[in-house]
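As a plain string of letters, each chain reads:
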Amino acid sequence: MDIAALLTSAGVNIGICILFFFLYSILRKQPVNFNVYFPGKLAEGQNSKDFSLLERFVPSASWIKKAWEASEEDILAVAGLDAVVFLRIFVFSVRIFAITAILCIAVVLPMNYTKEWRPKDFFHIPSKSLDSFAIANIKNGSKRLWAHFFALYFISCATCCLLYFEYKGISARRLAIFEASQPQPNHFTVLVRGIPLTDEHSLSETVQLFFTQYHPLTYHSHQMIYRTGRVQALVQDAEKLYKKIVHLKHNHLCQTQSQREGSFCLCCAKIDPVNLYTKKLENVERKARNGHSEYFTEAKELPAAFVSFKSRYGAAVAAQVRQSSNPMLWVTELAPEPSDVHWSNLSIPPRQLWFRKIVILLGTASLTISFLIPVTFVQGLSQLDKLQRYFPFLRKVLRTTFASQIITGYLPSVILQLFLYGVPPIMMLFSAIQGSVSYSGKQKSACAKVLYFVVWNVFFVNVLSGTVINQLNNIISSPKDLPRQLAKAVPRQATFFITYILTSGWASVSSELIQLFSLIWNVYKRCFCKSDKSGNCANSVPSFPYHQEIPKVLLFGLLGFTCSVVAPLILPFLLVYFSLGYIIYRNQMLNVYRSKSETGGQYWPVVHNGTIFSLILMQIIALGIFGVKDVPVASGLMLPLVLFTLLFNEYCRQRFYHTFQSYSAEDLISKDAKDKPNEEMQNFLSSLASAYLHPTLHPLELSDIEESSKQVNVVVERCFRPTVVNPPLVRTVLLRLQEIGTWLSMALAYQEKRVSR
């Protein structure tokens, strides 16, 4: 690829970014789009700001100023520590690549361009190949390569210093948040699985006897886990009826419109929607009368429970100490937050987890290998000679300068990005099958899988593309040649990585502002659903896809490190991406996303390990390049740098990693000592038993009722009269269904009165 093709790709992406910024600055001011661009603020009760008619259609950059001026405490308050950690990745990347860009553009790039400079050469730069500015242009044995050697040492040392301070700062913030936090159920609760079945006692009694005997001073209470599939289906049906009734209530056309029973019969009798939903409500009530009382007997208990303790230290000890000589029984771990529990995975026996991990590992490997086909196809698009050879009918098109520049400079990275869009959902599915008991744990597991996938397919497969199988055979047969193979291959693919940063970096991060899918869905609802004409309905607030975005950012960091001395022209484009991402994601964290599950900053060890891997890979590639370029002394001196990086990583692991896995006894006991044994603390401990009750079993809070009727309450209570062995638990479930039935009956009565008027 020449400079002209690169500039064409850059121009296309700059135009796309400007278009997205222009559209966002206008669309965000429209009142009907408030629930698209400010769902987080809408959930907090804030209303849309009133703009004049002229201001609504005049682009402005005021949102950039607001995003820049927001502090980390503001982001922490609205989006959580994970959002702060994600933004710290951009801060770290901007700092290290600003240093690297200054050094490499000022020192390394002139060394790569070895041809004697003449003033008239300036006008021929657009026709120059990017290889003219890469390390491949340096002659073998040249002393200029020592500039690259010292640059590598400087970049490695600067990266380690910045990583250390980031790791230290985030771990300190994590501890500060814990010390300042109020008592939380997940700090006092342990998830227990693999409870043994006995003939003498029920599972609930077995749990109570075990922890009363072995944890007598700290055990407080427990909550068994039940099979709630059929009950959940009933409640979901009732809630669907609730939504339909609300729709009818706000839709004034329901007085004149009716629905036909049957989809294909034109002569069927007309049925009033209110009567239709009344019949459906009666079906729900009949199911509840006939079979609901059988769901929560002791036979439906699962061999799993949430066990609560009187102190954080007691819960930590129970979670970390093996409870039985049989490792498959009484398996304990700290419970996630109540809102973070992945309820469907709690029924998985511990003895199945290792098998599931093997199956998911094989599935992930198979998906990764199968992705070789689209990646190899994409790489073929960047080579005009191969395209003309395999597709002769495209020769006339490819001879056109603009068409060839678009195909080689823009199209390959776009196609690769489209293929990569389907990877994060698949990895989330794999993590769910693997058995994660929390949504945050599932997302963290998917983040690691996506990271491995993109590093292999976007970096290694692209580097070794063309003869992938032959290259892999050579590496497997002689691993010592890996640095030499990478040294030959990476400089050839540096141009593709630059275009990939432009397309998947600049354009992708700018498109985050538009929220295209949410915008289309909002327009569809307003045009076809005929409800909520104000546009300010509190839709579900989106949660940030860390498993998708963190691997992407780390991949760009990997490209920056590995190509910094090989092809320094990549650094300005990379620096622009990190700067754009920092501003855009700060704005999105403040206005769009709200945390539904929190890991407490546990993504940073993943970021740290990914950065260390990028550093070591950069050093290994440099070792191979110096060997290929006949500078054996520099190649040998790279080994101490690799060893130093590994030792630094081990030190950080010993110093900080355990802080992100569990809290120390010192912190836990100190925090327990601060909790005064007052009435508030007693109420909190009393609420632990119900904190981990399945969401289906919680009483439903329904509002917007203008009338009430005692007679309806009596009828519904008769329909949901409990007749089961476990009254307290059933009473909670029946109360939920009773409230649904009561609300629906009153809503129907209210609707009938409106129709009669």
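Computed from a predicted model, the values in this text were never measured in an experiment.

Draft legend 1. Summary view of the pattern of salt bridges. Inspection of the entire model under this criterion finds eleven salt bridges. The partner of arginine 594 in a salt bridge is glutamate 44, with the nearest N and O atoms 3.1 Å apart. Here the residue arginine 594 occupies a position in the loop between helix H26 (570–591) and helix H27 (603–628), and glutamate 44 occupies one in the loop between helix H3 (39–43) and helix H4 (53–56), the gap between them amounting to 550 residues. Looking at arginine 594, the relative accessible area reads 11%, which means it is buried. Owing to a relative accessible area of 44%, glutamate 44 belongs among the partly exposed residues under this scheme. For glutamate 549, the salt bridge identified is with lysine 552, shortest N-O distance 3.9 Å. On the criterion of helical spacing, the pair formed by glutamate 549 and lysine 552 is a turn pair, its members being three residues apart in helix H25 (residues 546–563). On the accessibility criterion, glutamate 549 (6% relative accessible area) is buried.

Draft legend 2. Examining the packing of helix H20 (residues 423–434) against helix H21 (residues 439–463) more closely. Direction vectors running N to C along H20 and H21 enclose 130°, while the axes themselves pass 8 Å from each other. Here H21 runs oblique to H20, going by the angle between their axes. Crossing hand, H20 versus H21: right-handed. Counted together, Val423, Pro424, Met427, Met428, Phe430, Ser431, Ala432 and Gln434 of H20 and Lys442, Gln443, Ser445, Ala446, Lys449, Val450 and Phe453 of H21 form the full contact between these two elements.

Draft legend 3. Here's a closer look at the layout of surface pockets. Looking at the largest pocket, its volume works out to about 1600 Å³. Forming the walls of the largest pocket are 47 residues, and the residues nearest its centre are Leu334, Pro336, Ser440, Thr599 and Gln602. The element contributing the most residues to the lining of the largest pocket is helix H13 (residues 312–320), with five residues. Classifying every residue of the lining of the largest pocket gives 16 nonpolar, 21 polar and ten charged. Counted as a void, the second largest pocket has a volume near 810 Å³. Along its surface, the second largest pocket is lined by 24 residues, and Tyr421, Ser508, Ser511, Glu512 and Phe517 are the ones closest to its centre.

Draft legend 4. Structural context of the packing of aromatic side chains. Counting across every chain of the model gives 48 aromatic pairs. Here phenylalanine 90 and tyrosine 577 contribute two aromatic rings whose centre-to-centre distance is 6.3 Å and whose plane-to-plane angle is 50°, an arrangement assigned as tilted. Of this pair, phenylalanine 90 sits in helix H7 (residues 81–112) while tyrosine 577 sits in helix H26, and the two are 487 residues apart along the sequence. By relative accessible area, phenylalanine 90 is classed as buried at 0%. Owing to a relative accessible area of 2%, tyrosine 577 belongs among the buried residues under this scheme. Consider the rings of tyrosine 164 and tyrosine 651, whose centres lie 6.3 Å apart with planes at 25°: the pair is stacked. On the criterion of sequence distance, the pair formed by tyrosine 164 in helix H8 (residues 145–180) and tyrosine 651 in helix H28 (residues 632–661) is long-range, its members being 487 residues apart.

Draft legend 5. Layout of unusual backbone geometry. Located in the positive-phi region is tryptophan 330, a residue other than glycine, with phi close to 55°. Its location among the elements puts tryptophan 330 in the loop between H13 and strand S6 (331–334). Not every positive phi belongs to a glycine, and glutamine 515 is a case in point at roughly 50°. Within the secondary structure layout, glutamine 515 lies in the loop between helix H23 (482–514) and helix H24 (516–529). On the basis of relative accessible area, glutamine 515 is assigned to the buried category, the value being 12%.

Draft legend 6. The sheet that holds S6, seen in detail. Read across the open sheet, the four strands follow the order S2-S5-S1-S6; overall the sheet is antiparallel. Every other strand in the sheet has two partners, leaving strand S2 (219–226) and S6 as the edge strands with one partner each. The mean inter-strand angle of the sheet, taken between neighbouring strand axes irrespective of direction, is 25°. Here strand S1 (residues 189–193) runs beside strand S5 (residues 301–309); their pairing, made up of five bridges, is antiparallel. Opposite valine 190, over in S5, you have valine 307 as the bridge partner. Relative to S6, H13 is tilted by about 135°, and along the sheet it contacts S1, S5 and S6.

Draft legend 7. Just the side chain of glutamine 443, in detail. Position of glutamine 443 among the secondary structure elements: in helix H21. Excluding residues that lie within four positions of it along the chain, glutamine 443 makes contacts with Met428, Phe544, Pro545, Tyr546, His547, Ser597 and Tyr603.

Draft legend 8. Inspection of empty space enclosed by the protein at higher detail. In total, this model carries nine cavities of 30 Å³ or more according to the counting rule given. One number sums up the size of the largest cavity: a volume of about 150 Å³. In terms of residue count, the dominant contributor to the lining of the largest cavity is H25 (four residues). Taken together, the residues of the lining of the largest cavity sort by class into nine nonpolar, two polar and one charged. If you go around the second largest cavity, you meet 14 residues; those closest to its centre are Ser93, Val553, Leu554, Gly557 and Thr611. Sorting the residues of the lining of the second largest cavity by element identifies H7, H25 and H27 as the ones contributing at least two each. The residue makeup of the lining of the second largest cavity, split by class, is nine nonpolar, five polar and no charged.

Draft legend 9. Geometry of a nonpolar patch on the surface. A grouping of Met328, Trp354, Phe355, Ile358, Val359 and Leu362 is seen on the molecular surface, where their side chains present a nonpolar patch of about 610 Å² in accessible area. With respect to the element layout, phenylalanine 355 can be found in helix H14 (residues 353–370).

Draft legend 10. Expanded view of the nonpolar core. Ranked by size, the top nonpolar core spans 131 residues in total, and within it Phe86, Phe459, Ile501, Ile550, Tyr577, Trp604 and Phe626 carry the most contacts. Per element, the largest residue contribution to this core is 15 residues, and it comes from H7. Here tryptophan 604 is in contact with Val85, Arg88, Ile89, Leu163, Glu166, Tyr167, Ile170 and Phe660, once residues within four sequence places are set aside. Core analysis: the second largest hydrophobic core is formed by 17 residues, Leu203, Phe211, Tyr226 and Ala318 among them.

Draft legend 11. The arrangement of the environment of tyrosine 24 in detail. Of note, tyrosine 24 is situated in helix H1 (residues 3–27). Separated by 37 residues in sequence, tyrosine 24 and alanine 61 have C-alpha atoms that sit 9.8 Å apart. The contacts of tyrosine 24, once residues within four sequence positions are left out, are Tyr37, Trp63, Leu513, Ile514, Asn587, Gln588 and Asn591.

The rules behind each value
Residue positions within a chain follow its written sequence, with the count starting from 1. Per-residue local features of the predicted model are confined to residues with pLDDT of at least 70, and side-chain atom pairs are confined, for both listing and counting, to 80 or more; whole-chain, interface and lining totals are unaffected and use all residues. With hydrogens and water excluded, all non-hydrogen atoms of the structure serve as input to the side-chain values. Here, a salt bridge means any side-chain nitrogen of Lys or Arg that lies within 4 Å of a carboxyl oxygen of Asp or Glu. Each helix corresponds to a stretch of at least 4 residues labelled H or I by DSSP, and each strand to a stretch of at least 2 residues labelled E; elements are numbered beginning at the N terminus. Only protein chains enter the accessibility calculation, which uses a 1.4 Å probe; a residue is then buried when its area is under 20% of its type maximum, exposed when over 50%, and partly exposed in between. Axis definition: a line fit to C-alpha positions, over the contact stretch in the case of helices; interaxial angles, taken between N-to-C directions, run 0 to 180 degrees. Our angle categories are set so that under 35 degrees counts as roughly parallel, over 145 as roughly antiparallel, 65 to 115 as roughly perpendicular, and the remainder as oblique. Left-handed describes a crossing in which the near helix is turned anticlockwise from the far one by less than a right angle; the clockwise case is right-handed. Contact criterion: two residues are considered in contact whenever any of their non-hydrogen atoms come within 4.5 Å of each other. The distinction between a cavity and a pocket rests on a 1 Å grid over the protein atoms alone: a 1.4 Å probe fits inside a cavity but cannot get out, while a pocket stays open yet meets protein on both sides within 12 Å along at least five of seven lines, and a residue with an atom within 4 Å of a point counts as lining. Grid points are joined across faces, edges and corners, and a volume is the space filled by probe spheres set on the points. Residues are grouped as follows: Ala, Val, Leu, Ile, Met, Phe, Trp, Tyr, Cys and Pro are nonpolar; Asp, Glu, Lys and Arg are charged; every other residue, Gly included, is polar. Pairing of aromatic rings covers Phe, Tyr and Trp, the last through its six-membered ring, and needs centres within 6.5 Å; plane angles under 30 degrees mean stacked, over 60 mean edge-to-face, and all others mean tilted. Any two strands with at least two DSSP bridges between them are considered paired. Patch definition: residues with relative accessible area over 30% and no salt bridge; like charges joined within 9 Å; nonpolar side chains (Val, Leu, Ile, Met, Phe, Trp, Tyr) joined within 5 Å. The Shrake-Rupley method, run with a 1.4 Å probe sphere, supplies the accessible areas, and residue values consider only the shown protein chains as cover. Throughout, nonpolar core names a set of buried Ala, Val, Leu, Ile, Met, Phe, Trp, Tyr and Cys residues whose side chains join them through atoms within 4.5 Å.

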